[in-house]
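Single-letter residue listing:
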Amino acid sequence: GAVVSQHPSWVICKSGTSVKIECRSLDFQATTMFWYRQFPKQSLMLMATSNEGSKATYEQGVEKDKFLINHASLTLSTLTVTSAHPEDSSFYICSVVGHGEPYGYTFGSGTRLTVV
Amino acid sequence: SQQGEEDPQALSIQEGENATMNCSYKTSINNLQWYRQNSGRGLVHLILIRSNEREKHSGRLRVTLDTSKKSSSLLITASRAADTASYFCVLYNNNDMRFGAGTRLTVKP
């Protein structure tokens, strides 16, 4: 099956700084990646769909200028939380979709962001 | 955009008992998947059932899908304390994936 690497696994940053989270597809070409956010004791909520070579599609209520997504290659998508605030503290998870169903449903291990 | 609705929200059982979780949805799907998550950590894919399938088994897991009722169930038989986790159904339709609210399962030793 597909292998997805997400880094960092956890990060603590100061309020006002920016944090970049990477999602890498290690063994296949991911044309589409999804970014999710999960608050404590809640389900995962889709933030945006990242498409290689084009602009990401953001879900309603997600600020595209705050959560910058770049999917410049078939193996890497990045999520940058800009000017982070404590309310952005959350668990962020990526998933990748490749060609064909066996590669369609692979998740990264997640990044726990704490903004202090 | 649709999202699955799961019930119960929380389930507490004794080790050895069976656990059943349900997921309902509103629109069409290509497939439905179940995932497990331990304490806000990464997700583990458990099982996938396609829209033309009615039942699948994997070890102690049994998943059913009723497309006419737009519902699915996950049964864990002979539960163990290690099964304690949150379980999510995920609806997949044309490259769109949506999570249900999840069921928090606690298995007491």
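In what follows, the structure referred to is the one given above.
Residues numbered from 1 in each chain as written. Chains lettered and ligands numbered in written order. Predicted model: local features only at pLDDT ≥ 70, side-chain atom pairs only at ≥ 80, totals over all residues. Heavy atoms only, no water.

(A) Geometry of the packing of aromatic side chains. Within the structure shown, the criterion is met by eight aromatic pairs over all chains. Ring centres of Phe34(A) and Tyr36(A) lie 6.3 Å apart, and the angle between their planes is 50°; this geometry places the pair in the tilted category. For Tyr36(A), a relative accessible area of 1% translates into the label buried. Plain terms: the ring middles of Phe107(A) and Tyr35(B) are 5.0 Å apart, the flat faces sit at 75° to each other, and that makes the pair edge-to-face. With Phe107(A) in strand β10 (residues 106–107) and Tyr35(B) in strand β4 (residues 31–37), this pair bridges two chains. Across the pair, exposure class does not vary: Phe107(A) and Tyr35(B) are buried alike. What links up through ring pairs into an aromatic cluster is the set Phe34(A), Tyr36(A), Phe107(A), Tyr35(B), Phe88(B) and Phe99(B). (Phe/Tyr/Trp six-rings, centres within 6.5 Å; stacked < 30°, edge-to-face > 60°. Buried < 20%, exposed > 50% of the residue type's maximum accessible area, 1.4 Å probe, protein only. Helix = DSSP H or I, 4+ residues; strand = E, 2+ residues; numbered from the N terminus.)

(B) Highlighting the state of the cysteines. Across all of its chains, the model carries two disulfides over all chains by this definition. Paired through a disulfide, Cys23(A) and Cys94(A) show a sulfur-sulfur distance of 2.0 Å. Its S-S torsion of approximately 80° makes the covalent link between Cys23(A) and Cys94(A) right-handed. Within this pair, whereas Cys23(A) is found in strand β3 (residues 19–25), its partner Cys94(A) is found in strand β9 (residues 90–97), the two being separated by 71 residues in sequence. Under the relative-accessibility criterion, Cys23(A) is labelled buried at 0%. Each disulfide pairs two cysteine sulfurs, and for Cys23(B) the partner residue is Cys89(B), the sulfurs being separated by 2.0 Å. Between Cys23(B) and Cys89(B), the S-S dihedral sits near 60°, and the bridge is therefore right-handed. (Disulfide = S-S within 2.5 Å.)

(C) Up close: the environment of Cys94(A). Residues and elements named next belong to chain A. The exposure class of Cys-94 is buried, given its relative accessible area of 0%. In sequence terms Cys-94 and His-7 are 87 residues apart; their C-alpha atoms lie 10 Å from each other. In this structure, Cys-94 is in contact with Val-4, Gln-6, Cys-23, Phe-34, Trp-35, Thr-106, Phe-107 and Gly-108, ignoring residues within four places of it in sequence. (Contact = heavy atoms within 4.5 Å.)

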